Amino acid sequence: MSTVHLPADLQDALTERLQATAPSRASAQVDRLIENYRGTTPTAAPILRDAADAAAYAAYRMPATYAAVRSALGAFRAQAGDWAPGSHLDLGGGTGAATWAVADAWPGGSHRSTVLDWSQAALSLGRELARDADEPAVRATEWTRAPLGGAPALPPSDLVTVSYVIGELTPADRAALLDAAVAAARGALVVAEPGTPDGYRRIIEARDRLIAAGLTVLAPCPHDGTCPISGTDWCHFAARVPRTSLHRQIKGGTLAYEDEKFSYVAAVRPDAVPGAPAAGRVVRHPQIRKGQVLLDLCTRDDGLARTTVTKRHGPAYRAARDTTWGEVFPPEQASL
């Protein structure tokens, strides 16, 4: 799987902020947040209640959320060609992980980002982290407190991101928020959730809702039809996130990295965003054997299919050996 590094300025800002918090206190807050984020009970109030919660979240979740959203945006960009957003709305963005990811996906861009969240503590920390960012778009972000439940009135934006938030909402509020996000999205809408069976189920529900509203899926799916995955299986991807020593101390981990599994859907208004979905996408770790590579693909025409690529396929074989979980296959220059 690919390794996603935090921007150096974000890493420095997080380290500076977290060093001001006693690691033992942050660890206690993280334990409570783990229980909340792993729970299945929707809430009508912010999970991040105060500055200590927000700091613990930044240690526990922000790097992984950034990696997931940045990976999803990378897959979307690959299918959307030269399109770039002029404005970005980050719903439930908390401390701004998706906003940093959008700025990294379109570096040097002139877009304006707005983070809308119901936790003032998260917004305050996000503003603090963004204060000295290298990217002007991050520094200029607007941080707005607003409820996520009900049917919120949202400002029209070229790109809307909804990351790791719909699982916190009741089914009715989830549907209302997605409908409002569709109405606000002038170009594209990207929804990301944890790569768990429940997270995948929420993504499928969101995908169905987006398609019914007239949007076209560009990633990860190669089509707008029914997802071919069924039974106890679920569609998800992964990004490897390096850990700093402080990050490991607060999270109680020993490895120098963690693997963040996520599910997502990126959909567009076809009259506003050019491009088309890929013919196929790798949905499992490739199996590399002597002289051949076995790829599990989700395809436009054949649904789920296992493809064996051998040396006789020439450029396609070389491409297959370099292909990782979540990538497009075959690449245009190496068709089978």
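Caption draft 1: Structural detail: the nonpolar core. Ranked by size, the top nonpolar core spans 57 residues in total, and within it Met 62, Leu 73, Phe 76, Trp 100, Trp 106 and Tyr 264 carry the most contacts. In this structure Trp 100 touches Pro 7, Asp 9, Leu 10, Met 62, Tyr 66, Leu 129, Ala 130, Ala 133 and Val 138, once residues within four positions along its chain are discounted. In terms of nonpolar packing, the next biggest core, distinct from the first, is built from 29 residues, Leu 89, Leu 116, Leu 154 and Ala 181 among them.

Caption draft 2: Quick look at the packing of helix α3 (residues 51–60) against helix α4 (residues 62–80). Following both chains from N to C, one finds α3 and α4 inclined at 55 degrees, their axes separated by 4 Å at the closest point. By the angle between their axes, α3 is oblique relative to α4. For the pair formed by α3 and α4, the contact residues are Tyr 57, Ala 58, Ala 59 and Tyr 60 on the first element and Met 62, Pro 63 and Thr 65 on the second. Considered class by class, the residues forming the contact of α3 with α4 number six nonpolar, one polar and no charged.

Caption draft 3: Representation of empty space enclosed by the protein in the model. Counted by the stated rule, this structure contains two cavities of 30 Å³ or more. The calculated volume of the largest cavity comes to roughly 150 Å³. Lining the largest cavity are 17 residues, and of these Tyr 200, Pro 220, Cys 221, Cys 227 and Cys 235 lie nearest its centre. When residues of the lining of the largest cavity are traced back to their parent elements, those giving at least two are α9 (197–212) and β8 (257–268). The element that contributes the greatest number of residues to the lining of the largest cavity is α9, accounting for four residues. Its residues placed into classes, the lining of the largest cavity shows 13 nonpolar, two polar and two charged.

Caption draft 4: The arrangement of the layout of surface pockets in detail. Its boundaries defined by the atoms lining it, the second largest pocket holds a volume of some 300 Å³. Every residue lining the second largest pocket is counted, 17 residues in all, and those nearest its centre are Ser 2, Ser 71, Trp 325, Gly 326 and Glu 327. When contributions to the lining of the second largest pocket are tallied by element, the ones reaching two or more residues are α4, β7 (237–242) and β8. Sort the elements by how many residues they give to the lining of the second largest pocket and α4 lands first, with six residues. Taken together, the residues of the lining of the second largest pocket break down into nine nonpolar, five polar and three charged.

Reading the values: the criteria
- Residues numbered from 1 in each chain as written.
- Predicted model: local features only at pLDDT ≥ 70, side-chain atom pairs only at ≥ 80, totals over all residues.
- Heavy atoms only, no water.
- Core = buried A, V, L, I, M, F, W, Y, C linked by side-chain atoms within 4.5 Å.
- Buried < 20%, exposed > 50% of the residue type's maximum accessible area, 1.4 Å probe, protein only.
- Contact = heavy atoms within 4.5 Å.
- Axes fitted to C-alpha atoms, helices over the stretch in contact; angles between N-to-C directions.
- Helix = DSSP H or I, 4+ residues; strand = E, 2+ residues; numbered from the N terminus.
- Parallel < 35°, antiparallel > 145°, perpendicular 65-115°, else oblique.
- Nonpolar A, V, L, I, M, F, W, Y, C, P; charged D, E, K, R; others polar.
- 1 Å grid on protein atoms, 1.4 Å probe; cavity = no way out; pocket = protein on both sides within 12 Å on 5 of 7 lines; lining within 4 Å.
- Points joined across faces, edges and corners; volume = space filled by probe spheres on them.

Coordinates in, geometry out; function isn't part of it.
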